[in-house]
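The primary structure of each chain is shown beneath.
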Amino acid sequence: MGWNSWNKFGCNVSDTLIREVADTMVSSGMKDAGYQYVVIDDCWQVSRDKSGTIVPDAQRFPSGMKALADYVHSKGLKFGVYSDAGSKTCEGRPGSNGYEVEDARQYAAWGVDYLKYDWCNTDGVDPKIAYPTMRDALKATGRPIVFSMCEWGRNQPWTWVRGVAHIWRTTGDIQDRWASFTRLLDQQVGLEKYAGPGGWNDPDMLEVGNGGMKIHEYRAHFSLWCLLSAPLMAGNDIRSMTPEIRDILTHKEVIAVDQDPLQQGRRVRKNGDLEVWAKKLTGDAWALVLFNRGETAAQIALSWQELGLSFDAEPAVRDLWAKKDLGKIKGTFVASVPPHDVIMVKVTP
Ligand code: GLA
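Residues numbered from 1 in each chain as written. Predicted model: local features only at pLDDT ≥ 70, side-chain atom pairs only at ≥ 80, totals over all residues. Heavy atoms only, no water.

Visitor: Can you walk me through the pairing of strand β11 (residues 266-271) in this structure?
Guide: Regular strands show a simple pattern: their side chains alternate between the two faces of the sheet. By the bridge criterion, 5 bridges tie β11 to strand β12 (residues 274-280) in an arrangement that is antiparallel. Bridge pairing links Arg269 to Val276 in β12. The antiparallel pairing of β11 with β12 creates a hairpin that spans 2 residues between the two strands, and Gly272 there sits at a positive phi of about 60°. (Pairing = 2+ DSSP bridges. Helix = DSSP H or I, 4+ residues; strand = E, 2+ residues; numbered from the N terminus.)

Visitor: Before we go on, may I ask you to explain the state of the cysteines in this structure?
Guide: In a disulfide, the sulfur atoms of two cysteines are held together by a covalent bond. A full pass over the atoms with the stated rule returns 2 disulfides. One disulfide bridge connects Cys11 with Cys43, the sulfur atoms lying 1.8 Å from each other. Placement of the pair is Cys11 in the loop between α1 (6-9) and α2 (15-27) and Cys43 in the loop between β2 (37-39) and β3 (45-48), with a sequence separation of 32 residues. The disulfide that involves Cys90 links it to Cys120, with 2.1 Å between the sulfurs. Between Cys90 and Cys120, the S-S dihedral sits near 95°, and the bridge is therefore right-handed. You can see Cys90 sitting in the loop between β5 (78-84) and α5 (100-110) and its partner Cys120 sitting in the loop between β6 (114-118) and α6 (127-140), a full 30 residues away along the chain. If you count the bonded cysteines of the protein from the N-terminus, they pair up as 1-2, 3-4. (Disulfide = S-S within 2.5 Å.)

Visitor: Could you clarify how one ought to interpret unusual backbone geometry in this entry?
Guide: Non-glycine residue Gln156 carries a positive phi angle of around 45°. Structurally, Gln156 can be placed in the loop between β7 (146-149) and β8 (167-169). By relative accessible area, Gln156 is classed as partly exposed at 46%. (Buried < 20%, exposed > 50% of the residue type's maximum accessible area, 1.4 Å probe, protein only.)

Visitor: How should I be thinking about the sheet that holds strand β1 (residues 2-4) in this particular structure?
Guide: Remark on secondary structure: sheet strands pair via backbone hydrogen bonds, oriented parallel or antiparallel. Spatially, the 8 strands line up as an open sheet ordered β9-β8-β7-β6-β5-β2-β1-β10, and their pairing is parallel. Lying at the two open borders of the sheet, with one neighbouring strand each, are β9 (200-202) and β10 (233-234). Strand direction decides the pairing type here: β1 and β10, joined by 2 bridges, are parallel. Bridging from a neighbouring strand, Trp3 pairs with Ala234 of β10. Packing of α6 onto the sheet brings it into contact with β6 and β7, and relative to β6 it is tilted by some 160°. (Contact = heavy atoms within 4.5 Å. Axes fitted to C-alpha atoms, helices over the stretch in contact; angles between N-to-C directions.)

Visitor: Is there a simple way to explain the site of the ligand in this structure?
Guide: What surrounds the ligand is the set Trp6, Asp41, Asp42, Tyr82, Cys90, Glu91, Lys116, Asp118, Cys150, Trp152, Arg169 and Asp173. Asp42 places a side-chain nitrogen or oxygen 2.8 Å from an oxygen atom of the ligand. Taking Asp118, its side chain carries an N or O atom lying 2.8 Å from an oxygen atom of the ligand. Coverage of the ligand by the protein amounts to 94% of the 310 Å² it exposes when considered alone. Split by residue class, the shell around the ligand holds 5 nonpolar, no polar and 7 charged. (Near = heavy atom within 4 Å. Polar contact = N/O pair within 3.5 Å; in protein donor to acceptor, adjacent residues only side chain to side chain. Areas by Shrake-Rupley, 256 points an atom, 1.4 Å probe, with all protein chains shown as cover. Nonpolar A, V, L, I, M, F, W, Y, C, P; charged D, E, K, R; others polar.)

Visitor: Where do I start with the environment of Pro157 in this structure?
Guide: Structurally, Pro157 is set in the loop between β7 and β8. Pro157 sits in the buried class, given a relative accessible area of 0%. In this structure, the C-alpha to C-alpha distance between Pro157 and Tyr131, residues 26 residues apart in sequence, is 10 Å. Every residue in contact with Pro157, bar those within four places of it in the chain, is listed here: Met149, Glu151, Trp168 and Arg169.

Visitor: Please explain the sheet that holds strand β15 (residues 316-319) as it appears in this structure.
Guide: Pairing within the open sheet is antiparallel, and its 6 strands lie in the order β11-β12-β13-β18-β15-β16. The open sheet terminates on both sides in strands that have one partner only, identified here as β11 and β16 (324-328). Across the sheet, the axes of successive neighbouring strands diverge by a mean angle of 20°, strand direction being ignored. Direction of pairing for β12 relative to strand β13 (residues 286-292): antiparallel, over a ladder of 7 bridges. Across the sheet, the residue bridging to Trp277 is Val289, located in β13. Along the sheet, helix α7 (residues 178-186) makes contact with β11, β12 and β13, crossing β13 at roughly 135°. Strand contacts of helix α8 (residues 215-227): β11, β12, β13 and β18 (341-348), with the helix running at about 40° to β18, the strand carrying the most contacts.

Visitor: Explanation requested: the domain arrangement of the protein in the structure shown.
Guide: When the parts of a complex come together, some accessible area is lost, and that lost area is often used as the size of the interface. Looking at the assigned domains, one finds that the protein contains domain 1 (2-259) and domain 2 (266-348). Each side of the interface is counted separately: domain 1 has 25 residues, and domain 2 has 20 residues. In total, about 2,000 Å² of surface goes out of reach between domain 1 and domain 2, with carbon and sulfur atoms giving 69% of it. Taken together, the connections running from domain 1 to domain 2 amount to 4 salt bridges. Across the pair Arg267 and Asp186 runs a salt bridge whose closest N-O atoms are separated by 3.3 Å. At the boundary of domain 1 and domain 2, one finds 11 residue pairs in polar contact (both at pLDDT 80 or more). Of all elements in the fold, only α7, α8, α9 (243-249) and α10 (252-259) reach the threshold of two or more residues within the side of domain 1 that touches domain 2. Per element, the largest residue contribution to the side of domain 1 that touches domain 2 is 9 residues, and it comes from α8. Each residue belonging to the side of domain 1 that touches domain 2 can be placed in one class, and the counts come to 13 nonpolar, 5 polar and 7 charged. (Domains from an automatic or database assignment. Buried area = accessible area lost by both parts, 1.4 Å probe. Salt bridge = Lys/Arg side-chain N within 4 Å of Asp/Glu carboxyl O.)

Printed below as a string of structure tokens:
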């Protein structure tokens, strides 16, 4: 869990932005809710010096990366950067191809805790060599660094990446639109079996709060990312977010579903626009997301037998967003779900 600059700021990153975001992670309650990593995406780097050392943008980061990492650490948070397995990053900055050992050493010396590693400008590069090469370089520094692979799912990384990266992108880039969120969601179906302790699918960062969707659509996006056990990387300007957006991003019971360490959830039923997604939780409980993609409110039902519970089961049901116990329910759970929204419940036998 953390925050990444790309979705909102693109190349407009700076020392001031990162410090203010770190401050806000603490003051907004995001840190208390579990957000840890503050990650600068593309465009912090400008060149290499004569000895091959990567050079940060001195205008945008005048105090240098070490001082910035120290500041983020002083807030009890962790610090992340971005590079690329090719010759150049997606924005044309120097990539790490051929400089993996130098770059990993430099990151470790700055105090980097997280590396996002992209896949632009990689003609002739084999991902099954490039990603392990950077993994080994990071490991050799002796510093624990989360390795986030951003290869967009091109080479089906889920089938071979366990032990290489901690998280791996499964798709191209998310955009701040309903159609983009639902398209990415559909691409996760079937990938659940590859995720688990030590390695997780990454359906891309959150767009919650960036303005392109309605509040209930962001609630649906956040709920389903939590059901997918996705990395929760906020991608909005948290310095100016509304209380409604903050309440989505920091909802502890919904985040607990994401962080439950057993497995990723999956789609258990689809009837046109009406879907049911379920994630098995520790303690034999389940999280359910009833998801209405349609344009009108609709009833969605799920029988406990579809979850594998016995026909006479009478589990306790709690509405997570409403923070309300619905009591013990027998047989079938039915809820009316507004358009482009979810009902998310925890089911405890
Ligand atoms: C790619 C990645 C994005 C972002 C940009 C930066 O498109 O998939 O998440 O890192 O590059 O240029």
